[in-house]
Amino acid sequence: KKTSTITISDKSRNGNILVATNDNGFYVFNIYKKQWTHFVYDDKNSFSLKSNNVTWLYEDHYVNFWICVEGGLDFYENETGRFYHTSPKSNGNFTTFGEEMFLEDKEHKIWMAPSGHGIVTCEPVTKKFISFRTDSTNKNSLRTGAVACIFQKQSAELFISCHTVVAVFNEK
């Protein structure tokens, strides 16, 4: 029998246990109800998890999940029970992700830095992913697509570390 490898294990905002696997989706253990919920890919459901190979998992302020899977990034909306998927062609490699490349800002908007592909955010209302990348015709674009870290201090601006440069990023 094949055994799944746990790729990440963490606590959620409310203390629940999050467990991601390399071939069996992810699990959430509700510490209050003492029960497991298992999320997996279902080829008959376009709103299921995109892949069972989960490399990273985050629960946001609204108790939604952001899941790095083989081939892209999934967003799980807790209210509807639906997964929304990115296009790997437009949003980069989400399998090489770390906590330092992921930020929930002070307004609870999610920012991500997929390996070598600038910054990506998701509009909460439309579920559309928006990319900010290097553009040689735009002097206000990112200098490089290789973002190493995203962080935010007291102001609304994001600080983007791109190897030897730290840039201030303002979406507007």
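Residues numbered from 1 in each chain as written. Predicted model: local features only at pLDDT ≥ 70, side-chain atom pairs only at ≥ 80, totals over all residues. Heavy atoms only, no water.

1. Overview of unusual backbone geometry
Alright, step 1. The phi angle at Lys-34 is positive, at roughly 55°, despite the residue not being glycine.
Alright, step 2. Examined against the element boundaries, Lys-34 turns out to sit in the loop between strand 3 (26–30) and strand 4 (35–39). (Helix = DSSP H or I, 4+ residues; strand = E, 2+ residues; numbered from the N terminus.)

2. Some details on the confidence of the model for the protein
Alright, step 1. Mean pLDDT over the protein: 77, with 73% of residues reaching 70 or higher.
Alright, step 2. Strand 4 holds the highest mean pLDDT among the elements of the protein, 95, whereas helix 1 (residues 88–91) holds the lowest, 48.
Alright, step 3. Here residues 88–93 scores under 50 on pLDDT; set against residues more than four positions off or in separate chains, the count is 17 contacts. (pLDDT = per-residue confidence, 0-100. Contact = heavy atoms within 4.5 Å.)

3. Re the pairing of strand 5 (residues 54–59)
Alright, step 1. Pairing of strand 5 with strand 6 (residues 65–69) involves five bridges; the strand directions are antiparallel. Each bridged residue has a counterpart across the sheet, and for Trp-56 the counterpart in strand 6 is Cys-68.
Alright, step 2. Linking two consecutive strands that pair antiparallel, namely strand 5 and strand 6, is a turn of five residues; a positive phi of about 65° is found at Val-63 within it. (Pairing = 2+ DSSP bridges.)

4. A word on the environment of Met-101
Alright, step 1. With respect to the secondary-structure elements, Met-101 resides in the loop between helix 1 and strand 9 (102–104).
Alright, step 2. The spatial distance from the C-alpha of Met-101 to the C-alpha of Ala-113 is 5.1 Å, given a sequence separation of twelve residues.

5. What about the packing of aromatic side chains?
Two aromatic rings are characterised by how far apart their centres lie and by the angle between their planes.
Alright, step 1. Applying the stated criterion to the full structure yields 14 aromatic pairs.
Alright, step 2. On the numbers, 5.6 Å between centres and 65° between planes, the contact of Phe-26 with Phe-65 is edge-to-face. In this pair, Phe-26 is assigned in strand 3 and Phe-65 in strand 6, connecting sequence segments 39 residues apart. Neither Phe-26 nor Phe-65 differs from the other in exposure class; each is buried.
Alright, step 3. Taken together, the ring pairs connect Phe-26, Phe-39, Phe-65, Tyr-76 and Phe-83 into an aromatic cluster.
Alright, step 4. Here the basic side chain of Arg-82 rests over the ring of Phe-47, its NZ or CZ set 3.9 Å away from the ring centre. (Phe/Tyr/Trp six-rings, centres within 6.5 Å; stacked < 30°, edge-to-face > 60°. Buried < 20%, exposed > 50% of the residue type's maximum accessible area, 1.4 Å probe, protein only. Lys NZ or Arg CZ within 6 Å of the ring centre and 35° of its normal.)

6. Let's talk about the sheet that holds strand 5
Alright, step 1. Spatially, 5-6-7-8 is the arrangement adopted by the four strands of the open sheet, whose pairing is antiparallel. The sheet is open, and its two edges are formed by strand 5 and strand 8 (82–85), each paired on a single side. Strand after strand, the sheet turns through a mean of 20° between neighbouring axes, direction not considered.
Alright, step 2. The pairing of strand 6 with strand 7 (residues 72–77) spans five bridges and is antiparallel. Within strand 7, the residue paired with Val-69 across the bridge is Gly-72. (Axes fitted to C-alpha atoms, helices over the stretch in contact; angles between N-to-C directions.)

7. Some remarks on the pattern of salt bridges
Alright, step 1. Throughout the structure, instances matching the rule amount to one salt bridge.
Alright, step 2. A salt bridge links Asp-43 to Lys-44, with the nearest nitrogen and oxygen atoms 3.7 Å apart. Neither Asp-43 nor Lys-44 differs from the other in exposure class; each is exposed. (Salt bridge = Lys/Arg side-chain N within 4 Å of Asp/Glu carboxyl O.)

8. Some points on the sheet that holds strand 11 (residues 119–122)
Alright, step 1. Strands sit in the order 9-10-11-12 across an open sheet of four strands; the sheet is antiparallel. Looking at strand neighbours, the two that pair on one side only are strand 9 and strand 12 (129–132), the edges of this open sheet. In this sheet, neighbouring strand axes are inclined to one another by 20° on average, regardless of whether the strands run parallel or antiparallel.
Alright, step 2. In the sheet, strand 11 pairs with strand 12 via four bridges, with the strands oriented antiparallel. Bridge pairing in strand 12 places Val-120 opposite Ser-131.

9. Thoughts on the nonpolar core
Alright, step 1. Core analysis: the biggest nonpolar cluster contains 13 residues, and Phe-26, Leu-49, Val-54, Phe-65, Ile-67 and Phe-83 have the highest contact counts within it.
Alright, step 2. Elements supplying a minimum of two residues to this core: strand 2 (17–21), strand 3, strand 5 and strand 6.
Alright, step 3. Formed by twelve residues, the second largest nonpolar core is a distinct cluster that contains Cys-68, Phe-75, Tyr-84 and Met-112. (Core = buried A, V, L, I, M, F, W, Y, C linked by side-chain atoms within 4.5 Å.)

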